Amino acid sequence: MSLTLTTMADSALVSDQQRSGPRPPSQGPYIAFITNRNTNLGIRGAMLFSVGVFLALVLNLLQVQRNVTLFPPDVISSIFSSAWWVPPCCGTASAIIGLLYPCIDRRLGEPHKFKREWSSVMRCVAVFVGINHASAKVDFANNVQLSLTLAALSIGLWWTFDRSRSGFGLGVGIALLATLATQLLVYNEFFQYTSPDFLYIRSWLPCIFFAGVITMGNIGRQLALYESKVVQEKAHQD
């Protein structure tokens, strides 16, 4: 009797396996055959680097065309009329910021869930480009008015697309560090501003940096969320 029950159970198990079919192979979030977490982290960093380089080329072109920034003639070496080191530096900073934001969220135990969809990220990028465009092309009565307007727009960008305390704190901290680094570059004559009004630079520059940090943080968070969703779906299927 027990032998008959065992045989029936084995037959049922084999039947279930045949109906379900073979399990699909595990796939990575970005490239199907890459499932290693560290490798996917490197891919995410490379994507953020590429976005940072692209935005640097486009936005710096705006600044140079409007004569907001001036580079020495001997360092102009690309079709985008920019020094060769600007895009790689911006790309590296973008990758660090984009990887740092989701990491800080995990450390604080506060996953960012506000407007977590790609359409919101794209709107954030568009607003950031608009703020940078305004700094280069919109004429204001004085620099104070321009700086206050850009500050309000930058904080509005944070409130619209982020609203996290960690995002605001990182944005302010990184913007201050980036402003200090820019002052050192200008002081050492790597480039210059046409009308500096605050310690060799333009007073509105920290606002641009803040908006850029918030934008790259949003992109980094969205990539991390996408990666996490893919991993969870694969684990659920297994």
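Below, the structure is looked at part by part. Note that the structure is predicted; figures quoted are calculated from it, not measured.

Criteria and cut-off values
- Residues numbered from 1 in each chain as written.
- Predicted model: local features only at pLDDT ≥ 70, side-chain atom pairs only at ≥ 80, totals over all residues.
- Heavy atoms only, no water.
- Helix = DSSP H or I, 4+ residues; strand = E, 2+ residues; numbered from the N terminus.
- Buried < 20%, exposed > 50% of the residue type's maximum accessible area, 1.4 Å probe, protein only.
- Contact = heavy atoms within 4.5 Å.
- Areas by Shrake-Rupley, 256 points an atom, 1.4 Å probe, with all protein chains shown as cover.
- Core = buried A, V, L, I, M, F, W, Y, C linked by side-chain atoms within 4.5 Å.
- Phe/Tyr/Trp six-rings, centres within 6.5 Å; stacked < 30°, edge-to-face > 60°.

For the rest of this paragraph, the subject is the overall build of the protein. Scanning the protein from terminus to terminus reveals seven helices and two strands. Reading the protein from its N terminus to its C terminus gives the helix and strand order α-α-β-α-α-α-α-β-α. Counting the 238 residues in the protein, one finds 37% classified as buried. For the protein, contacts bridging at least 24 residues in sequence account for 75% of all contacts bridging at least 6. Per element, the accessible surface of the protein, about 13900 Å² overall, is 65% carbon and sulfur.

Here the focus is the nonpolar core. One recurring pattern in soluble globular proteins is that nonpolar side chains are buried together. Residues Phe128, Leu150, Leu157 and Ile219 are the most contacted members of the largest nonpolar core, which totals 33 residues. Those elements that provide at least two residues to this core are α2 (37-65), α3 (86-108), α4 (118-137), α5 (143-161), α6 (165-187) and α7 (205-237). When residues in this core are grouped by element, the largest group, 10 residues, is from α7. Sequence-distant contacts of phenylalanine 128, that is, excluding residues within four places in its chain, are made with Leu55, Leu59, Leu157, Ile208, Ala211, Gly212 and Thr215.

Now for the packing of aromatic side chains. Applying the stated criterion across every chain, the model contains three aromatic pairs. Between phenylalanine 168 and phenylalanine 210, the aromatic rings sit 5.6 Å apart at their centres with planes inclined by 70 degrees, giving edge-to-face as the arrangement. Placement of the pair is phenylalanine 168 in helix α6 and phenylalanine 210 in helix α7, with a sequence separation of 42 residues. Residue classification places phenylalanine 168 among the partly exposed positions, given a relative accessible area of 32%.

No statement about biological role is implied by the geometric values presented.
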